[in-house]
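Structural description and commentary
Chain residues, written in single-letter form:
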Amino acid sequence: MALSGIQIYKLLPQTNCKDCGFPTCLAFAMKLAAKQADLDKCPHVSDEAREQLAESAAPPVRLVTISADGREAKSGNELVLFRHEKTFYNPTGIFIRVYDDEPTETIKSKVEEAAAYKVEYVGMELGIDGFAVEATADGETFAAAVRAVLGVAQLPLILIARDPEVMAKGLEAAEGTRPLIVGADAESWQGFAELAKKHGSAMTITAGSLKGMSELADQVKEAGVEDIVLDPAVRDLRSSLALNTLTRRMALKKNHRSLGYPIVSFPGEFSDDEGMVVIAATQAITKYAGFVVLDRFSPATIYPLLVLRTNIYTDPQKPIQVQPGLYEINDPGPDAPLMVTTNFSITYFSVANEVDGSGIPGWLLVADAEGMSVLTAWAAGKFDAERIGKAVKSGNIADKLSHRKLILPGHVSVLMGEVEEELPGWQILVGPREAVDLPAYLKLWSSS
Ligand code: SF4
């Protein structure tokens, strides 16, 4: 059972020494109760108290990590039901499934294509996290497929087999990695639990109800397996949404430890229609799946899912930022236009991509606006004449230019006079409001 702040306080040394970074033991206890502090921060807690506190201090959703060759896919440690309440921490792992009855060369080429897929999004490189290998026949066939996958890409694995003996062969082939094994249900869980313990892997359990999953999780945990992943045995949008949401709600709001585990989802089993599969994957990413297994790899479907995942798992209080400074686009010379914008990543890439696409050389000055977009930063006083003036002066920009003209974003035309005062001798111009109108604006510049 989770302990209240006061119950935790009674187990702490109560010396208020501040070594934990909090002003009092009570303040630390309250943070522990809210899962916002780590018990290890108090070096003075007794072993006996630590033992009592350990369960209470544990995250409501256990962190489960699968790995291969230093690459990890993690899920868990989440504290809130909705991202805007705080943030989500560990992005959903996206896996591509292959079957062991496919020809080895087909498996290899599928894996090669999917593993090589990388796409840049607002300065981040996005890609899939690993592969799921499913057994359809005997252990040797399964092992050969696992070896084929690992021979091409050393990425985290999800191994799927209904028979523990077949799974054992797959695990032997995956030696040196830490996979997630899928296949245990109310009848077969003991064999899978033995394998999970022997190989140190994580394992799923499946049941069609919360009660069933909860009971099974307790049995598996009692058998010595801690890293459990829940596979709600439903394959339709409505039931999946309901079970995933209830599972997470029970873990976070009711502190129901038996459901405090990551969830795996198989959108390809929801429908034969690729569009419906993408909808199921979207729902899974947004509503609590920690691992999503897709049956087909296609850049057209993977890209939006990766972007969706990135946006959902971006801390809303820490916008994605780019480094402030002067950026060169299309090899600009001294007579190229100088534009200024903020260091909110999406703003930067919107502007930079439009200028880059226009083929017109330009200088893009990125001012430190604490990662906010132009209008938000202006409204918050983070993109004002003083900051713009400071950005221009700090980069020795004038030395690179044969002119003294600075283009402001159209949305902050109101700053024109103040920026002129900050930068005597400079001509301040007002550019378009939207980045998409920059190419036409710059064409006028280059022809003037
Ligand atoms: S370090 Fe431990 S003893 Fe010191 S104030 Fe924090 S909780 Fe109390």
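Values in this document were obtained by computation on a predicted structure and should not be read as measured data.

Some points on the overall build of the protein
Tallying secondary structure elements over the protein gives 16 helices and 17 strands in all. Taking all 448 residues of the protein together, the buried fraction comes to 41%.

Here's the deal with the packing of helix α6 (residues 164–173) against helix α7 (residues 189–199)
Contact geometry of α6 with α7 gives a least axis separation of 9 Å together with a crossing angle of 15 degrees. In terms of orientation, α6 and α7 fall into the roughly parallel class. Like other packed secondary-structure pairs, α6 and α7 cross with a definite hand, here right-handed. The segment α6 lies against α7, with Pro164, Met167, Ala168 and Leu171 engaging Gly191, Phe192, Leu195 and His199.

Describing the domain arrangement of the protein
On domain assignment, one finds that the protein holds domain 1 (5–57), domain 2 (64–312) and domain 3 (325–447). Its C-alpha centre places domain 2 at a distance of 45 Å from the equivalent point of domain 3.

Brief notes about the site of the ligand
Neighbouring the ligand are 13 residues, the closest being Cys17, Asp19, Cys20, Cys25 and Cys42. Tallied by class, the residues present in the shell around the ligand amount to eight nonpolar, three polar and two charged.

Here's the deal with the environment of Gly357
By the element assignment, Gly357 lies in helix α12 (residues 345–358). Considered as a pair, Gly357 and Leu306 are 51 residues apart in the sequence and their alpha carbons are 24 Å apart.

Some thoughts on the packing of helix α5 (residues 139–152) against α6
Relative orientation of the contacting elements α5 and α6 amounts to 30 degrees, with a least axis distance of 8 Å. Comparing their axes, α6 and α5 come out roughly parallel. Crossing of α5 against α6: the hand is right-handed. For the pair α5 and α6, the contacting residues are Gly139, Glu140, Phe142, Ala143, Val146 and Arg147 in the first and Glu165, Val166, Ala168, Lys169, Gly170, Glu172 and Ala173 in the second. Split by residue class, the contact of α5 with α6 holds six nonpolar, two polar and five charged.

Quick notes on the environment of Glu55
Residue placement: Glu55 occurs in helix α3 (residues 47–57). Separated by 53 residues in sequence, Glu55 and Lys108 have C-alpha atoms that sit 44 Å apart.

Describing the nonpolar core
Phe95, Phe131, Val149, Leu159 and Ile205 are the most contacted members of the largest nonpolar core, which has 80 residues in total. Counting residues per element, this core draws most heavily on α5, at seven residues. Beyond its immediate sequence surroundings of up to four residues, Val149 is in contact with Val98, Ile107, Val111, Phe131, Val133 and Leu157. In this structure, Leu338, Val340, Ile360 and Ala391 belong to the second largest nonpolar core, which totals 34 residues.

Let's talk about the pairing of strand β16 (residues 405–408)
Strand direction decides the pairing type here: β16 and strand β17 (residues 427–430), joined by four bridges, are parallel. Residue pairing in the sheet places Ile407 in a bridge with Leu429 of β17.

A word on the pairing of strand β7 (residues 157–160)
Within a regular strand, the side chains alternate between the two sheet faces. Neither face of β7 is left uncovered, since the one carrying Leu157 and Leu159 and the one carrying Ile158 and Ile160 both have all their residues buried. As defined by bridge partners, strand β6 (residues 130–134) adjoins β7 across four bridges and the pair is classed as parallel. The residue bridging Phe131 from the neighbouring strand is Leu157, located in β7. In this view, the connection linking β6 to its parallel neighbour β7 by way of α5 has right-handed handedness. Where the polypeptide runs from β7 across α6 and back to strand β8 (residues 180–182), its parallel neighbour, the crossover connection is right-handed.

Here's the deal with the environment of Glu113
Looking at the secondary structure, you find Glu113 in helix α4 (residues 104–116). Since 14 C-beta atoms lie within 10 Å of it, Glu113 is described here as partly exposed.

Rules used throughout
Residues numbered from 1 in each chain as written. Predicted model: local features only at pLDDT ≥ 70, side-chain atom pairs only at ≥ 80, totals over all residues. Helix = DSSP H or I, 4+ residues; strand = E, 2+ residues; numbered from the N terminus. Buried ≥ 20, exposed ≤ 12 C-beta atoms within 10 Å, placed from the backbone. Axes fitted to C-alpha atoms, helices over the stretch in contact; angles between N-to-C directions. Parallel < 35°, antiparallel > 145°, perpendicular 65-115°, else oblique. Left-handed = near helix turned anticlockwise from the far one by under 90°. Contact = placed C-beta atoms within 7 Å. Domains from an automatic or database assignment. Near = placed C-beta within 6 Å. Nonpolar A, V, L, I, M, F, W, Y, C, P; charged D, E, K, R; others polar. Core = buried A, V, L, I, M, F, W, Y, C linked by C-beta atoms within 7 Å. Pairing = 2+ DSSP bridges. Right-handed = clockwise from strand over helix to strand, strands pointing away.

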